[in-house]
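For reference, the chains in residue letters:
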Amino acid sequence: MGSVSSILSNAGQMRPNVSHAQELSKINQTLSSDQVFSREPAQDRFIPEKKEEPIGLYRLGKDADGNPQIYFDDPDLKQPDKASKEDDPNGPKVSAPKQESQKEKSWTCNTDAVDREIEKLKRKQQDLSQQLQSETDETKRNRLEKNLAQIERELSQKDNDAYRKQHAVYTMA
């Protein structure tokens, strides 16, 4: 290791080579105005894509009401836009009639059976509670209390929206 004074005395001698500085100035002069970086901030641009040919894939989308729906891009179906362009490019555009698979299908949900089941349990619960109030025999009273507790547990499991949705009947209209 050398002394501090020798390091300080050599500090003035450490300069970049003149030839290196000349090379940098030559490079800067050769760059055109297109290659010089601008000071303006970079911005995103929207580049629209052409609609791709259907290749038989499923994709997620939303229907008219905003509900999630699964769509299938069927390559076998002729799309109305392409069919009219291929037939006569100068003629008027006529859309092809909708096929049955393209028609909008609506589903209906029926929870009547589930509602009847829940009402039946509620009536049974009321009957058991009335019998429990009028019963004087201790063994019959214990049996009624057990039955009533079982009915209440069953009602707590079934009397909710999740159970109704799970056990509903769905039909296509």
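Residues numbered from 1 in each chain as written. Predicted model: local features only at pLDDT ≥ 70, side-chain atom pairs only at ≥ 80, totals over all residues. Heavy atoms only, no water.

## Some points on the overall build of the protein chain
Next up, step 1: For the protein chain, the count of helices and strands is 6 helices and 4 strands.
Next up, step 2: The order of helices and strands in the protein chain, counted from the N terminus, is α-α-β-β-α-β-α-α-α-β.
Next up, step 3: With 173 residues in all, the protein chain has 10% of them scored as buried.
Next up, step 4: Across the protein chain, contacts joining residues at least 24 apart in sequence account for 47% of those joining residues at least 6 apart.
Next up, step 5: When the accessible surface of the protein chain is summed, it comes to about 16200 Å², and 50% of that surface belongs to carbon and sulfur atoms. (Helix = DSSP H or I, 4+ residues; strand = E, 2+ residues; numbered from the N terminus. Buried < 20%, exposed > 50% of the residue type's maximum accessible area, 1.4 Å probe, protein only. Contact = heavy atoms within 4.5 Å. Areas by Shrake-Rupley, 256 points an atom, 1.4 Å probe, with all protein chains shown as cover.)

## Concerning the environment of Asp115
Next up, step 1: Along the chain, Asp115 turns up in helix H4 (residues 112–134).
Next up, step 2: Among the residues examined, Asp115 registers a relative accessible area of 27% and is labelled partly exposed.
Next up, step 3: Sequence separation between Asp115 and Arg164 is 49 residues; the distance between their C-alpha atoms is 7.9 Å.

## Here's the deal with the environment of Ile70
Next up, step 1: One can find Ile70 in strand E2 (residues 68–72).
Next up, step 2: C-alpha of Ile70 to C-alpha of Arg59: the two residues are 11 residues apart in sequence and 5.8 Å apart in space.

## A closer look at the confidence of the model for the protein chain
Next up, step 1: Here the protein chain averages 75 in pLDDT, and 63% of its residues register 70 or above.
Next up, step 2: Across residues 82–96, where pLDDT falls below 50, the model places 9 contacts with residues more than four positions away in sequence or in other chains. (pLDDT = per-residue confidence, 0-100.)

## Examining the pairing of E2
Next up, step 1: In the sheet, strand E1 (residues 58–62) pairs with E2 via 5 bridges, with the strands oriented antiparallel. The residue bridging Lys62 from the neighbouring strand is Pro68, located in E2. (Pairing = 2+ DSSP bridges.)

## Section: H4
Next up, step 1: Taking 1.5 Å of rise per residue, the 23 residues of H4 would be expected to cover 33 Å, and the 33 Å separating its terminal C-alpha atoms lies within 8% of that figure.
Next up, step 2: Along its buried surface, H4 packs onto helix H5 (138–158) and helix H6 (161–166). (Expected span 1.5 Å × (residues − 1).)

## Some remarks on a nonpolar patch on the surface
Next up, step 1: A cluster of nonpolar side chains, Tyr58, Leu60, Ile70 and Phe72, forms an exposed patch at the surface whose accessible area comes to about 520 Å².
Next up, step 2: Counting residues per element, the ones that place at least two in the nonpolar patch are E1 and E2.
Next up, step 3: Secondary-structure assignment places Leu60 in strand E1.
Next up, step 4: Under the relative-accessibility criterion, Leu60 is labelled exposed at 71%. (Patch = residues over 30% accessible without salt bridge, like charges linked within 9 Å, V, L, I, M, F, W, Y side chains within 5 Å. Salt bridge = Lys/Arg side-chain N within 4 Å of Asp/Glu carboxyl O.)

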